[in-house]
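# Observations on the model geometry
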Amino acid sequence: MSTRDPVLKCEELVAGYGGPPIVRNVDLNIPGKQMMTLVGPNGAGKSTLLRAFYGLTRTYAGHILFEGQAIEKASPLQRYASGIAFVPQGRCNFDRMSVAENLAVAAHSVAVGKRAAALDYVLGLFPTLKPLMQSMAGNLSGGEQQLLEMAMVLQTHPKCLLVDEPSLGLSPGMQASVFEKLAELRDAGMTVVTVEQNVRVALAVSDRAAVLVHGEIAFEGPADEILADDRIRIAYLGGLPAGQAAH
Ligand SMILES: Nc1ncnc2c1ncn2[C@@H]1O[C@H](COP(=O)(O)OP(=O)(O)OP(=O)(O)O)[C@@H](O)[C@H]1O
Ligand SMILES: [Mg+2]
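Residues numbered from 1 in each chain as written. Chains lettered and ligands numbered in written order. Predicted model: local features only at pLDDT ≥ 70, side-chain atom pairs only at ≥ 80, totals over all residues.

Residues Phe53, Ile84, Leu148, Ala151, Leu162, Ala209 and Ala210 are the most contacted members of the largest nonpolar core, which totals 68 residues. The element contributing the most residues to this core is helix α5 (residues 142-154), with six residues. Shared between two domains, this core takes at least three residues from each, and those domains are domain 1 (1-83 + 159-247) and domain 2 (90-157). Ignoring sequence-local partners within four residues, the contact set of alanine 209 consists of Met36, Thr37, Val39, Leu203, Ala223 and Ile226. (Core = buried A, V, L, I, M, F, W, Y, C linked by C-beta atoms within 7 Å. Buried ≥ 20, exposed ≤ 12 C-beta atoms within 10 Å, placed from the backbone. Helix = DSSP H or I, 4+ residues; strand = E, 2+ residues; numbered from the N terminus. Domains from an automatic or database assignment. Contact = placed C-beta atoms within 7 Å.)

Following this line, the structure appears as structure tokens:
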């Protein structure tokens, strides 16, 4: 495969939860080492599509390819082992355990001899967590918990990081710094796919964006073009005047 091939892609993907399809006939190419953000109205199927990439929803038809290999039949654990990591929406660390204990639990899938280096790597990425290692995860701020979520899965050095609504519930300053951190990961060579309601903050640092409406891709293209397109903004993103933040 050449470097121009997408790292993650789906072809005519139909996915759902056992009932009627939620995601319908989605074709999406996610180029390597780029950040793509999925946007669209509530209930459009953004989380369902992201979860489909990780094997958490049922693929009814079509294909999902990671580095050219069909993975739609692989379990989430197999996908994790192949280099895809998923951070679900909401704070889902173990709130009654310390930051260090949360990181240790998540390091379970890292070879024993590599765990110390994996911990060093994520604490290097998120130095904010260093002084908090003995703090109870549930006592961290929302932003710190979001960083902890990412640090937990990043210990395996994934090639592709999927993050659902990383800015949910965070202050505007913290939202921007979470996205700056995702951009840093992208700049270091990781492929990043996010779902985000805060369109302006997310698209400011994304390379590409896809607008999902009723389970189908309505538009896909460079993030700045999507953001600048009044038709897209008015029809699908709440019709905000240019320059105003979306929520
Ligand atoms: N676990 C589930 N089982 C059955 N249906 C579900 C499940 N999760 C979501 N759905 C349905 O799938 C549809 C799309 O939901 P999804 O969460 O993917 O949308 P979304 O675009 O992420 O919305 P939001 O912006 O509100 O997070 C909705 O109609 C929802 O009710
Ligand atoms: Mg969602």
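Spatially, six strands are ordered β6-β7-β8-β3-β9-β10 in an open sheet, and the strand pairing comes out mixed. Two strands bound the open sheet, and with one partner strand each, they are β6 (84-87) and β10 (216-222). Between one strand and the next, the sheet's axes are offset by a mean angle of 15°, whatever the strand orientation. Across the face of the sheet, helix α1 (residues 46-54) comes into contact with β3 (35-39), β6, β7 (160-164), β8 (191-195) and β9 (208-213) while running at roughly 150° to β7. (Pairing = 2+ DSSP bridges. Axes fitted to C-alpha atoms, helices over the stretch in contact; angles between N-to-C directions.)

The strand order across the open sheet formed by four strands is β2-β1-β4-β5, and the pairing between neighbours is antiparallel. Sheet topology places β2 (23-31) and β5 (69-70) at the edges, where each strand pairs with a single neighbour. Note: strand β1 (residues 6-16) against β2, six bridges, orientation antiparallel. Directly across from lysine 9, in β2, lies its bridge partner asparagine 29.

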